[in-house]
Amino acid sequence: MKNYVRLNAFERTARATYPACAPCGPSDNQVKLWVQQASICNQQLATDQAKHSRFQVIPHKTGIGKTHALSVYAAELACTNHTLDMENRKRMVIAVREKTQADEMVDRINIAAGENVASSHYTGHHIERGEQQKLDILVVTHEGIASAIASLEVDEVLQPHQSYLISHSDLIVFDEAPEALFRVQQIPLNYLRHLKALSSLLDQHEHREAIHYVEKLVDTFENSKRKNEELLWTSDADCPLPPLSLLKATHFLEAIKQLARLPGGLIERAREQANSHLLTSVGERWVTLRNDKGGIVVETAQFMWPQHLNKPVVLDATGDLWQTWRHMSSQVNIATPVAEARSYHNVTLHVQREKGLGKSCTKQQFENRLARIKEYFANSADHTETLFVSHKDRLDLAKKQMKRKKGHHYAYWFAIDGKNHWVNCTRVVITSLPYTPPHAAKLKYWAATLPKSIKDELPNDLREHEFSEIAGRLVQAINRSACRSISDEVGGCQETDIYTFLPAGLDGDRLIDLIKKQMPGIQVKDWIIPDTNGYGRIKSVQQKNLIDFMKCKKSGSYTTREIGDFLGWTKSQLGEVHRALSSPTHCLPQALKALGVSPSQSGRGRSSRWTLSWG
């Protein structure tokens, strides 16, 4: 295999340009991982035919310097190009999440190269095509490259400002998972019904094909709804559809617009759907029908990557947890790191088990959770830099409840991965979990695998894949904090405390196991944050009397039968207390643990016995 970038030269430059602000120089294991990354990029450059290439996912841990190594590789590639004529030069596109990151990457590359060999290229900051050809490296945003691919797919001709996708596609590297390439399109079935009704008012001869198409489309969906079919393969012989030329026939939409009965806003929605090309795509791919609050929704999804483009290299610390790569296993190679360069022995994960952790939890539940967090940290006299992570629509509530103290920072799910704004935070408080709707996992699976018929079944481990992705997002959130930065030669970091709520039982255990695998050495402890007010508070007289009893004793061990005899409980009241003690999310065991009392159970069935012990 030809090394387009000489690995010895790359290693020397990477060591020499390692940020001076780093607490220590790069370890040997870090450098080994950088060289592995550069070697994979060389390998991808050497793959001439796009159909033979695979997505190369590099899951090196956060903080080892993947972005630094990438900027050095780009600079070295530009230097190699100086020795070649224009026809043999290898050009490169780097995709990052944000515009500011694009500009920072360009500065890094140009500094490492000692001259201007790279430029950023995104909406509002694009360069002319002639200038593109003079540069070896272009840095774009994830959204920018997704937009260019979508345009290429539909129009088959790129706009001039998007031509970099072809001219610089020798090597494409995504910094972080390319979630922007996963595109979901949806349209309410009611909208199609309305379009069908309006089309019947048009000239039946002039718009015959379009009218027939709309009628056939709606009838197919209506029949499937009655049969309770969820997945449709529109090219299947069981439900054939005519050629899809509806939205390309713009005169049809213009005719709809002219109808006197056209309700306000409908043509805007028609144009919106025309831009998304949903109806143009449903005959070429699968669609699903889903019951939503507003009625039936027609959906399709796609993982966009043109067949004639080389597959990209993806730098993603949690790449082995991302659902899409698992579904596309035949097209993806996930690299095995050649060394371990991180240790998280200074990171403690404090876990509280609880219900109602998704976006749909009630406002009352969330407010109560925030109040308990605030009370828990009320006695903390320090001014620890703290990052609070929540869902976007709960962020204002969190800021209000926490009084926006100095040193408090806030971030929300699905807009946190890859950011470096909070590396000074030595405490992270995660107030909710990034669950996705149940249908989202199905869409991702079908987008990646392209079902062959309506009888295709979903894999049994789809829920496992969903949990893997949740764990990946948790790891990404945790690593936005101080534990991101390496502070010693073994890859350790400064002490960092992570406080999070996780579900009870096997689901929570599964998430902890996945986090521990991604963050070797991390310590896990129970986080006792009793719920004594609001939602879930102790209302039972027997449970309150039990707590008062243990407060009075302050030492020793007591069985619940002894306590029940003293307090005069009936068998049913004793059973109620046992059921509460058996639930890890119930406020009774949490309140007892907060006092310093440990409940323990011995035996099974009728012979089981609960003992409460101080200390």
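Every value quoted in this text rests on a predicted model; they were computed, and no experiment measured them.

Visitor: Is there a simple way to think about a positive patch on the surface in this case?
Guide: Positive charge collects at one region of the surface, where Lys363, Lys374, Lys400, Lys403 and Lys405 lie side by side. Position of Lys405 among the secondary structure elements: in the loop between helix 15 (395-401) and strand 14 (408-412).

Visitor: Honestly, the environment of Ile528 in this entry has me stumped. Any pointers?
Guide: Within the secondary structure, Ile528 is located in the loop between strand 17 (523-526) and helix 19 (541-553). Given the relative accessible area of 25%, Ile528 is considered partly exposed. The contacts of Ile528, once residues within four sequence positions are left out, are Gln352, Tyr376, Gln590, Lys593 and Ala594.

Visitor: How should I be thinking about the packing of aromatic side chains in this particular structure?
Guide: Two aromatic rings are characterised by how far apart their centres lie and by the angle between their planes. Taken as a whole and judged by the stated rule, the model has 18 aromatic pairs. Here Tyr18 and Trp34 contribute two aromatic rings whose centre-to-centre distance is 5.5 Å and whose plane-to-plane angle is 40°, an arrangement assigned as tilted. Residue Tyr18 is found in the loop between helix 1 (7-16) and helix 2 (28-46), and its partner Trp34 is found in helix 2; the two are separated by 16 residues along the sequence. Residue Tyr18 is classed as buried on the basis of its relative accessible area of 17%. Among the residues examined, Trp34 registers a relative accessible area of 1% and is labelled buried. Between Tyr499 and Trp527, the aromatic rings sit 5.1 Å apart at their centres with planes inclined by 65°, giving edge-to-face as the arrangement. Here Trp527 lies in the loop between strand 17 and helix 19 and Tyr499 lies in strand 16 (residues 496-502), a separation of 28 residues in the sequence.

Visitor: Help me understand the packing of helix 16 (residues 438-449) against helix 17 (residues 462-478), please; the structure alone is not making it clear to me.
Guide: Two quantities define a packed helix pair, namely the angle between the helix axes and the distance between the axes. Viewed as axis vectors pointing N to C, helix 16 and helix 17 meet at an angle of 100°, and their least axial separation amounts to 10 Å. Considered as vectors, helix 16 and helix 17 are oriented roughly perpendicular to each other. Contact residues: Ala441, Lys442, Lys444 and Tyr445 in helix 16; Leu462, Glu469 and Arg473 in helix 17. Of the residues contributing to the contact of helix 16 with helix 17, the split by class is three nonpolar, no polar and four charged.

Rules used throughout
Residues numbered from 1 in each chain as written. Predicted model: local features only at pLDDT ≥ 70, side-chain atom pairs only at ≥ 80, totals over all residues. Heavy atoms only, no water. Patch = residues over 30% accessible without salt bridge, like charges linked within 9 Å, V, L, I, M, F, W, Y side chains within 5 Å. Areas by Shrake-Rupley, 256 points an atom, 1.4 Å probe, with all protein chains shown as cover. Salt bridge = Lys/Arg side-chain N within 4 Å of Asp/Glu carboxyl O. Lys, Arg positive; Asp, Glu negative; His and termini not counted. Charge placed at Lys NZ, Arg CZ, Asp CG, Glu CD. Helix = DSSP H or I, 4+ residues; strand = E, 2+ residues; numbered from the N terminus. Buried < 20%, exposed > 50% of the residue type's maximum accessible area, 1.4 Å probe, protein only. Contact = heavy atoms within 4.5 Å. Phe/Tyr/Trp six-rings, centres within 6.5 Å; stacked < 30°, edge-to-face > 60°. Axes fitted to C-alpha atoms, helices over the stretch in contact; angles between N-to-C directions. Parallel < 35°, antiparallel > 145°, perpendicular 65-115°, else oblique. Nonpolar A, V, L, I, M, F, W, Y, C, P; charged D, E, K, R; others polar.

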